[in-house]
Amino acid sequence: MDGLDVTACKRCQNLVESRSQIVNGVGPADAELVFVGEAPGANEDEHGEPFVGRSGDVLDDALNEVGVSRDTIRITNCVRCRPPENRNPKTEELSNCRRYLEHELSVIDPAVIVTLGKVPSEHLLDRQVAVTTAAGDVVDIRLGDESHRVIISVHPAATLYDQSHSDTFVNTIKSAASLAGVQSDTDSANNAESGGQSRLGEYED
Ligand code: URA
């Protein structure tokens, strides 16, 4: 492993055959908010970046709505190679890739991890999770010697099949941003507007 990127891995024979490249996490190594998805799909496999297809558009829209820039967050997956026919990653594949995810979360040590969907939620919480009812729940987990704060979310793709999940998804991202102390663009704009207040201090006396 070279830093946060996996540059070569042949632990899962099936995935070595189905991938065209390893899709590593993207975003700053000091991000306070980390999103963890399931595994790359066809678009991600082609571009070498997580969440760049339709699910990525849903994620981007939610981030925009909440006022968080994609540049300030990190996005990664439980499994870094595209499973054939977009099937869910198998238990063995999840466990083969777990060391990379744990290393990434340990180095970044974000304030909040958002698990996008059932697979990452169950993988990190190590129990069954009914994501549609648990969405928005905050859970503290232990990975090795470390403790991390997780917010459970529905997968962005779920909002494409069932519009009723859209509000749940956006509200979860909003809670996550607030819990992580990630300042929204709106807050920044408001702060800029109230910049006169701090200048008042300068001109006091
Ligand atoms: N779905 C995921 O879970 N991860 C991606 O990177 C893209 C879609």
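For every chain, the first residue of the written sequence is number 1, and numbering continues from 1 onward in sequence order. For a predicted model such as this one, the threshold for reporting local features is a pLDDT of at least 70, and the threshold for listing and counting side-chain atom pairs is 80 or more; totals across whole chains, interfaces and linings nevertheless cover every residue. No hydrogens and no water enter the side-chain calculation; it runs on all heavy atoms of the structure.

A few words now on helix α8 (residues 165-180). With 16 residues, α8 extends 22 Å between its outermost C-alpha atoms, agreeing within 8% with the 22 Å of an ideal straight helix rising 1.5 Å per residue. When α8 is considered as a whole, its buried residues turn out to be His165, Ser166, Phe169, Val170, Thr172, Ile173, Ala176, Ala177 and Ala180. Seen from one end, α8 has its buried residues packed into an arc of 155 degrees, which puts them on one side. When the buried face of α8 is taken as reference, the exposed residues oriented beyond 90 degrees from it are Asp167 and Ser178. Considering only its buried residues, α8 is in contact with β1 (33-37), α3 (54-66), β3 (112-116), α6 (131-134), β5 (146-153) and α7 (158-161). Count one or two residues on from α8 and you reach Gly181, which has phi positive near 70 degrees. A run of H or I in DSSP counts as a helix once it spans at least four residues, and a run of E counts as a strand once it spans at least two, with each numbered from the N terminus. Take the number of residues in a helix, subtract one, and multiply by 1.5 Å to get its expected span. Summary of the burial criterion: residues with accessible area below 20% of their type's maximum are buried, those above 50% are exposed, and those between are partly exposed, where the area comes from a 1.4 Å probe applied to protein chains only. Picture the helix axis, draw a direction to every C-beta atom, and the arc is the one those directions span. Note on contacts: a residue pair qualifies if any of its non-hydrogen atoms lie within 4.5 Å across the two residues.

It is worth spelling out the nonpolar core at this point. Only buried residues count toward a nonpolar core, which is a set of Ala, Val, Leu, Ile, Met, Phe, Trp, Tyr and Cys residues joined through side-chain atoms within 4.5 Å. Among the nonpolar cores identified, the biggest contains 30 residues, and Val36, Val79, Leu105, Leu124, Leu125, Ile141 and Ile152 are the most heavily contacted of them. Mapped by element, the contributors of at least two residues to this core are β1, α4 (91-108), α5 (118-125), α6, β4 (138-143) and β5. Top contributing element to this core by residue count: α4, with six residues. With residues up to four places along the chain from it excluded, the contact list for Leu124 reads Val36, Leu101, Leu105, Ile113, Thr115, Ile141 and Leu143. If you look at the next biggest cluster of nonpolar residues, it comprises 24 residues, including Leu33, Phe51, Ile75 and Val112.

Turning our attention to the site of the ligand. Near, as used in this document, describes a residue that has one of its heavy atoms within 4 Å of the molecule or strand being considered. Near the ligand the following residues occur: Gly37, Glu38, Ala39, Glu44, Pro50, Phe51, Asn77 and His155. Pairing of N or O atoms within 3.5 Å defines a polar contact, subject to two protein rules: one partner must be a possible hydrogen donor and the other a possible acceptor, and residues neighboring in sequence count only if both atoms are side-chain atoms. Here Phe51 contributes a backbone N or O atom positioned 3.1 Å from an oxygen atom of the ligand. One of the side-chain N or O atoms of His155 is found 3.0 Å from an oxygen atom in the ligand. For the accessible areas, the method is Shrake-Rupley and the probe is 1.4 Å, while residue cover comes only from the protein chains on display. Contact with the protein chains removes 92% of the 240 Å² of surface that the ligand exposes when unbound.

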